[in-house]
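Structural characterization, general
What follows is each chain in one-letter form.
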Amino acid sequence: MKYAFVIGSSAFIVPGKTISSGTQGNWKYFLRINAIYHDTSAPAENTYLDVDLDIKDTDGTPVTILSNKPITGAPYTIKTDRDSVKVLRLDGTPIIHVHQLDDESAMSLEHNISAELDVQAPVVVIRVTGESFVDRLHIRAENEKLLINDNGYASSAMVGHSDLKFTEAGVLL
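Remember, it's a predicted structure, so these values are computed and weren't measured experimentally.

**Quick notes on the packing of aromatic side chains**
One pass over the structure, following the stated rule, counts 2 aromatic pairs. Between the aromatic rings of Phe-30 and Phe-166, the centroid separation amounts to 5.7 Å while the plane-to-plane angle is 50°, which identifies the pairing as tilted. Within this pair, whereas Phe-30 is found in strand E4 (residues 26-35), its partner Phe-166 is found in strand E16 (residues 164-167), the two being separated by 136 residues in sequence. We note Arg-32 situated over the ring of Tyr-29; from NZ or CZ to the ring centre the distance is 3.9 Å. The ring of Trp-27 has Lys-165 lying over it, and the distance from NZ or CZ to the ring centre is 5.4 Å.

Here's what the structure looks like:
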């Protein structure tokens, strides 16, 4: 199974379920998908999106989450749904939102993305939005674009053969 991380208006389709930062040989994940939601009618099946996060908010406060549970005593709340994990400041503004898209929503993305999803199937589509820091990277994931230290990515579908990696130079697949 492959994962498509939809960040901004770009999709990064990779075999791994993590997004890491760092440099060659020294990678550290800051987002890991532990489990995905499976839409099934079996009542005994209790599935949900489960993630680990290791980021900082825009004030530099650590946000560390393991299996949707906070590790640090930082001032934020976590709202979970079967297919969504939102980390919010106490005033309700989002730090990061990780959302697993259903098939219909995924296939209604821009044509260049949905066409690549179709070719790469089966793919779990994970949309990531928010603004945070990871090491020396300032990551802003908006609806229209992804910015990593002011390097912008928009309207593309890229396929890689390893985990998704963010560096000061940009995105590596």
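**With respect to the pairing of strand E10 (residues 94-100)**
The buried fraction of E10 amounts to 5 of the 7 residues, a majority that puts the element mostly inside the structure. The sheet contact formed by strand E9 (residues 84-89) and E10 spans 5 bridges and is antiparallel. Following the sheet pairing, Val-85 is matched in E10 by Val-98. What sits between the antiparallel neighbours E9 and E10 is a turn of 4 residues, in which Gly-92 has the positive phi angle 95°. Bridge analysis of E10 against strand E11 (residues 123-134) gives 5 bridges, and the strand direction is antiparallel. Within E11, the position partnered with Ile-96 by the bridge is Gly-130.

**Some points on the nonpolar core**
One finds Phe-5, Ile-7, Leu-31, Ile-33 and Phe-166 to be the most contacted residues of the largest nonpolar core, which totals 36 residues. Considering each element in turn, this core owes the most residues, 4 residues, to E11. What Ile-7 contacts, discounting residues up to four positions off in sequence, is Phe-12, Ile-19, Val-128, Ala-141, Leu-146, Leu-164 and Phe-166.

**Focus on a negative patch on the surface**
Negative charge collects at one region of the surface, where Glu-110, Glu-131, Glu-142 and Glu-144 lie side by side. Residue placement: Glu-131 occurs in strand E11. Look at Glu-131 and you get partly exposed, because its relative accessible area is 30%.

**Some remarks on the side chain of Ser-21**
As for its placement among the helices and strands, Ser-21 is situated in strand E3 (residues 18-23). Polar contacts involving the side chain of Ser-21 include one to the side chain of Asp-135, which spans 3.0 Å. Each residue touching Ser-21, except ones within four places of it in the same chain, is listed here: Asn-26, Trp-27, Lys-28, Phe-30, Val-134, Asp-135, Leu-137 and Phe-166.

Conventions used here
- Residues numbered from 1 in each chain as written.
- Predicted model: local features only at pLDDT ≥ 70, side-chain atom pairs only at ≥ 80, totals over all residues.
- Heavy atoms only, no water.
- Phe/Tyr/Trp six-rings, centres within 6.5 Å; stacked < 30°, edge-to-face > 60°.
- Helix = DSSP H or I, 4+ residues; strand = E, 2+ residues; numbered from the N terminus.
- Lys NZ or Arg CZ within 6 Å of the ring centre and 35° of its normal.
- Buried < 20%, exposed > 50% of the residue type's maximum accessible area, 1.4 Å probe, protein only.
- Pairing = 2+ DSSP bridges.
- Core = buried A, V, L, I, M, F, W, Y, C linked by side-chain atoms within 4.5 Å.
- Contact = heavy atoms within 4.5 Å.
- Patch = residues over 30% accessible without salt bridge, like charges linked within 9 Å, V, L, I, M, F, W, Y side chains within 5 Å.
- Areas by Shrake-Rupley, 256 points an atom, 1.4 Å probe, with all protein chains shown as cover.
- Salt bridge = Lys/Arg side-chain N within 4 Å of Asp/Glu carboxyl O.
- Lys, Arg positive; Asp, Glu negative; His and termini not counted.
- Charge placed at Lys NZ, Arg CZ, Asp CG, Glu CD.
- Polar contact = N/O pair within 3.5 Å; in protein donor to acceptor, adjacent residues only side chain to side chain.

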